[in-house]
Amino acid sequence: MFFVIRVPCSSANIGPGFDVIGLALSLHLELHVSVDTSKSTSELPLNCAITYDDQSNSVEKIPLDPEVNLITRVALYVLRCHNQRAFPVETKVHIVNPIPLSRGLGSSGTAVVAGVMLGNEVGKLGLTKERLLDYCLMIERHPDNVAASLFGGFVGTYLNELKPEDVARKEIPLSEVLPAPAGGVDTGMKPPEPPLGIGHYRKFDWAPEIKAIAIIPDFVVPTADARNVLPQTYTRADVVFNLQRAALLPAALGTSPPDPEMIFLAMQDKVHQPYRKGLIPGLPDILQSMTPATQPGLLGICLSGAGPTILALATDRFTEIADRIIARFAADNISCQWKLLEPAQAGTTVSPN
Ligand SMILES: Nc1ncnc2c1ncn2[C@@H]1O[C@H](COP(=O)(O)OP(=O)(O)O)[C@@H](O)[C@H]1O
Ligand SMILES: N[C@@H](CCOP(=O)(O)O)C(=O)O
């Protein structure tokens, strides 16, 4: 058996849609998977060998032990929920990853989606993407990245209000869903299964003229750190400010030809970006220094996910826009790479080669 899983990266929030709105983009994590069905036993730990082709320029080294690697740990979680304790004999997973880690392009969500899809395929479980979203949400608890990567395109997401017993199941510590590596020893524990229908999504239109420029600074901001700086409560005025803009955003980005003034306004945020400025030098200046009036081609600008990547939406003058943002980071001695991306409408795919 041989197949390829392709999972697009994602940019979450798009300004006001904190933990709600996500956009899948045309930079894909790939798993090239083979299972040698002619063999009946394997010397491999948990029957699985991982190789990794790092195309992401990341400093962090991705572990190749299947009990430690995020993708295979998630696949094992899905398999163990279905009484399969390990991978099928002689499973080989070659990971090709061009998505920079901890930069706000949803690398962890992409890895989680790849993991649930891997478990589903090698275990021949036949779970729908809707059910796989529940498994993803047991691991990454905000739905914006994982739903975009799984279903593709520009999405709005929400979590269902759960019954008290299901809330308890969803709020199980992550360590029980993904147990710490036990040195290859199988504890035999069945992990907690996700409640049915935790998370949902709705796809929005995307105007074909709109492209996404990702300006990726050369430093990491772990998402957990960027969530820890956010307040527990907000003023009514700030909540209303974001609701007003989030309600406009799908119409603004789905209307062709795009209206730059409307998009710029609809991408403003008071819920997460102002609090993350201490983690990203120059952030307020970058977000305020360019508008559609001062920069032709620009439609809107925001922090991508939890940062530090900046997402600029534009119809043209891509290099000029990227260069201005890169110059602002350079004033703080931060170098950047940039990529011109498009919505990845297909989401996660599995193909025979
Ligand atoms: N392809 C991958 N394989 C294994 N682990 C990954 C992969 N991509 C991301 N991760 C894990 O996810 C972490 C980054 O997650 P996070 O801080 O949420 O940032 P991001 O904004 O990139 O999602 C990495 O430090 C790494 O541990
Ligand atoms: N809504 C989340 C999105 C995090 O995205 P990531 O790409 O930084 O993992 C947040 O803003 O914390």
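Just so we're clear, the structure is a prediction, and the values are computed from it rather than from any experiment.

**Student:** For this particular structure, what's the right way to read the site of ligand 2?
**Tutor:** Close contacts around ligand 2 come from 17 residues, with Ala12, Gly106, Thr223, Gly305 and Ala306 the closest. Counting residues per element, the ones that place at least two in the shell around ligand 2 are helix H4 (143–151) and helix H7 (223–228). At three residues, the largest contribution of residues to the shell around ligand 2 is made by H7. When its residues are assigned to classes, the shell around ligand 2 shows five nonpolar, nine polar and three charged. Residue-level mapping places the shell around ligand 2 at the junction of two domains, with at least three residues from each of domain 1 (2–201) and domain 2 (205–341).

**Student:** Teacher, can you tell me more about the environment of leucine 299 here?
**Tutor:** Within the fold, leucine 299 resides in strand S8 (residues 298–303). Using a count of 26 C-beta atoms within 10 Å as the deciding quantity, one classes leucine 299 as buried. Separated by 160 residues in the primary sequence, leucine 299 and isoleucine 139 place their C-alpha atoms 34 Å from one another. With residues near it in sequence (within four places) discarded, leucine 299 still touches Ile210, Pro258, Pro260, Ile263, Phe264, Pro292, Leu313, Ala314 and Thr315.

**Student:** Just checking my understanding: could you explain the nonpolar core for this structure?
**Tutor:** The nonpolar side chains of a soluble globular protein tend to be buried with one another. In terms of nonpolar packing, the biggest core is built from 94 residues, with Ala114, Leu118, Cys136, Ile215 and Ala312 touching the most fellow members. Of the domains in this structure, domain 1 (2–201) and domain 2 (205–341) are the two that each give at least three residues to this core. Excluding anything up to four places from it in sequence, alanine 114 contacts Ile5, Val7, Leu29, Leu31 and Ile71.

**Student:** Just to check I follow, could you spell out helix H8 (residues 236–254) for this structure?
**Tutor:** Note: α-helices contain 3.6 residues per turn, so residues at a spacing of three or four share the same orientation. In this model, H8 (19 residues) spans 28 Å end to end at C-alpha, consistent with the 27 Å of a helix rising 1.5 Å per residue. Residue leucine 248 marks the point of greatest curvature in H8, where the axis turns by about 35°; the proline proline 250 follows within four residues. Within H8, the full set of buried residues consists of Asn242, Ala246, Leu249, Pro250, Ala252 and Leu253. Taken together, the buried residues of H8 touch strand S2 (21–35), strand S5 (154–159), strand S6 (199–204) and helix H9 (260–266).

**Student:** What is the right way to look at the site of ligand 1 in this model?
**Tutor:** Within the structure, ligand 1 sits among 22 residues, and Leu70, Ser107, Ser108, Ala111 and Thr223 are positioned closest to it. Of all elements in the fold, only helix H1 (70–81), strand S4 (91–97) and helix H2 (107–122) reach the threshold of two or more residues within the shell around ligand 1. Sort the elements by how many residues they give to the shell around ligand 1 and H2 lands first, with four residues. Residue composition of the shell around ligand 1, by class: ten nonpolar, ten polar and two charged. Two domains each put at least three residues into the shell around ligand 1: domain 1 (2–201) and domain 2 (205–341).

**Student:** For this particular structure, what's the right way to read the pairing of S8?
**Tutor:** Walk down a regular strand and you will see the side chains alternate between the two sheet faces. With six of its six residues buried, S8 lies for the most part within the structure. Two elements, S8 and strand S9 (residues 310–314), share five bridges in a ladder whose sense is antiparallel. Its bridge partner being in S9, glycine 300 is matched across the sheet by leucine 313. In this structure, the hairpin formed by S8 and S9 is closed by a connection of six residues, where glycine 305 is found at a positive phi of approximately 55°.

**Student:** What's the story with the UniProt feature "domain: GHMP kinase C-terminal" (unreviewed entry) in the protein in this structure? I'm lost.
**Tutor:** Feature annotation in UniProt assigns "domain: GHMP kinase C-terminal" (unreviewed entry) to the following positions: residues 265–326. With 29% helix and 18% strand, the stretch residues 265–326 has end C-alpha atoms that lie 23 Å from each other.

**Student:** I keep staring at the domain arrangement of the protein and nothing clicks. Help me out?
**Tutor:** For the protein, the assigned domains are domain 1 (2–201) and domain 2 (205–341). A C-alpha centroid distance of 27 Å is found between domain 1 and domain 2. On the domain 2 side, the residues contacting the 25 residues of domain 1 number 31 residues. Counting residues per element, the ones that place at least two in the side of domain 1 that touches domain 2 are strand S1 (2–12), S2 and S5. For the side of domain 1 that touches domain 2, the element with the most residues is S2, which contributes four residues.

**Student:** So what exactly am I meant to see when it comes to the sheet that holds S9 here?
**Tutor:** Paired through their backbone hydrogen bonds, the strands of a sheet run either parallel or antiparallel. Overall, antiparallel pairing links the four strands, which are arranged S8-S9-S7-S10 in an open sheet. Of all strands in the sheet, those bounded by a partner on one side alone are S8 and strand S10 (336–341). Each strand axis lies, on average, 20° off the axis of its neighbour in the sheet, ignoring direction. Pairing of strand S7 (residues 211–217) with S10, which is carried by six bridges, proceeds in the antiparallel orientation. Paired with isoleucine 215 across the two strands is tryptophan 338, which belongs to S10. Running over the sheet, helix H11 (residues 318–330) touches S7, S8, S9 and S10 and is turned about 25° from S7.

**Student:** Please clarify how the environment of aspartate 36 should be interpreted in this entry.
**Tutor:** Its location among the elements puts aspartate 36 in the loop between S2 and strand S3 (48–54). On the basis of neighbour counts, which here come to 13 C-beta atoms within 10 Å, the residue aspartate 36 falls in the partly exposed class. Residues aspartate 36 and valine 220 lie 184 residues apart in sequence; the distance between their C-alpha atoms is 38 Å. In this view, aspartate 36 contacts Val89 and Glu90; residues no more than four positions away in its chain are not counted.

**Student:** Help me understand the UniProt feature "domain: GHMP kinase N-terminal" (unreviewed entry) in the protein in this model?
**Tutor:** Summarizing the sequence annotation, UniProt attributes the feature "domain: GHMP kinase N-terminal" (unreviewed entry) to residues 69–153 in the numbering used throughout. Across residues 69–153, the secondary structure splits into 54% helix and 8% strand, with the terminal C-alpha atoms separated by 27 Å.

Scoring rules and cut-offs
Residues numbered from 1 in each chain as written. Chains lettered and ligands numbered in written order. Predicted model: local features only at pLDDT ≥ 70, side-chain atom pairs only at ≥ 80, totals over all residues. Near = placed C-beta within 6 Å. Helix = DSSP H or I, 4+ residues; strand = E, 2+ residues; numbered from the N terminus. Nonpolar A, V, L, I, M, F, W, Y, C, P; charged D, E, K, R; others polar. Domains from an automatic or database assignment. Buried ≥ 20, exposed ≤ 12 C-beta atoms within 10 Å, placed from the backbone. Contact = placed C-beta atoms within 7 Å. Core = buried A, V, L, I, M, F, W, Y, C linked by C-beta atoms within 7 Å. Expected span 1.5 Å × (residues − 1). Bend = angle between axes of the 7 residues up to and from the residue. Pairing = 2+ DSSP bridges. UniProt positions renumbered as here; feature names shortened; annotations may be inferred. Axes fitted to C-alpha atoms, helices over the stretch in contact; angles between N-to-C directions.

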